[in-house]
Amino acid sequence: MSREFCIKFERQFVSGKLSKRYSLQDQMDRSFGSLMDNIAEGFGRSGNLEFRNFLGYAKDSCSELKS
């Protein structure tokens, strides 16, 4: 699902309303990257507790995107 969001917003970066807003585009791009990285890193850790912690970090990245 996070990958689908990245693809959707990448289209906006290239040809949509966000194409000329470089600082906003950069911030959103980093947030999306962090979202996917945290899910992957949590999945690679041992145990459900660590995975749950990293899902929390990914949720924080989503909140950053909302703002």
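The structure contained in this document is the topic of the report that follows. Because the structure is predicted, anything quoted here is derived from the model rather than measured. (Residues numbered from 1 in each chain as written. Predicted model: local features only at pLDDT ≥ 70, side-chain atom pairs only at ≥ 80, totals over all residues. Heavy atoms only, no water.)

Moving on, we come to the overall build of the chain. From N to C terminus, the chain includes 3 helices and 0 strands. Each helix (α) and strand (β) of the chain, taken in turn from the N terminus, gives the series α-α-α. A total of 67 residues make up the chain; the buried ones form 22% of that total. Nonlocal contacts in the chain, meaning residues at least 24 apart in sequence, comprise 38% of its contacts between residues at least 6 apart. Taken as a whole, the chain presents about 5200 Å² of accessible surface, with 54% of it coming from carbon and sulfur. (Helix = DSSP H or I, 4+ residues; strand = E, 2+ residues; numbered from the N terminus. Buried < 20%, exposed > 50% of the residue type's maximum accessible area, 1.4 Å probe, protein only. Contact = heavy atoms within 4.5 Å. Areas by Shrake-Rupley, 256 points an atom, 1.4 Å probe, with all protein chains shown as cover.)

Turning our attention to the packing of helix α2 (residues 22–44) against helix α3 (residues 48–66). Contact geometry of α2 with α3 gives a least axis separation of 8 Å together with a crossing angle of 170°. By the criterion of interaxial angle, the relationship of α2 to α3 is roughly antiparallel. In this structure, α2 uses Gln27, Met28, Ser31, Phe32, Ser34, Leu35, Asn38, Ile39, Glu41, Gly42 and Phe43 to contact α3, whose residues at the interface are Phe51, Phe54, Leu55, Tyr57, Ala58, Ser61, Cys62, Glu64 and Leu65. Residues that form the contact of α2 with α3 fall into these classes: 12 nonpolar, 6 polar and 2 charged. (Axes fitted to C-alpha atoms, helices over the stretch in contact; angles between N-to-C directions. Parallel < 35°, antiparallel > 145°, perpendicular 65-115°, else oblique. Nonpolar A, V, L, I, M, F, W, Y, C, P; charged D, E, K, R; others polar.)

A separate point is the environment of Leu35. Structurally, Leu35 can be placed in helix α2. Judged by relative accessible area, which is 4%, Leu35 ranks as buried. Separated by 22 residues in the primary sequence, Leu35 and Tyr57 place their C-alpha atoms 7.6 Å from one another.

In total, this model carries 2 aromatic pairs according to the counting rule given. Arranged with centres 6.0 Å apart and planes meeting at 75°, the rings of Phe43 and Phe51 form a pair that is edge-to-face. Judged by its relative accessible area of 67%, Phe43 falls in the exposed class. Phe51 gets classed as partly exposed once you look at its relative accessible area, which sits at 24%. Between Phe54 and Tyr57, the aromatic rings sit 5.1 Å apart at their centres with planes inclined by 80°, giving edge-to-face as the arrangement. Of this pair, Phe54 and Tyr57 both sit in helix α3, 3 residues apart, which is roughly one turn of that helix. The exposure class of Phe54 is buried, given its relative accessible area of 11%. (Phe/Tyr/Trp six-rings, centres within 6.5 Å; stacked < 30°, edge-to-face > 60°.)

Such coordinate-based values are descriptive only and should not be taken to indicate function.
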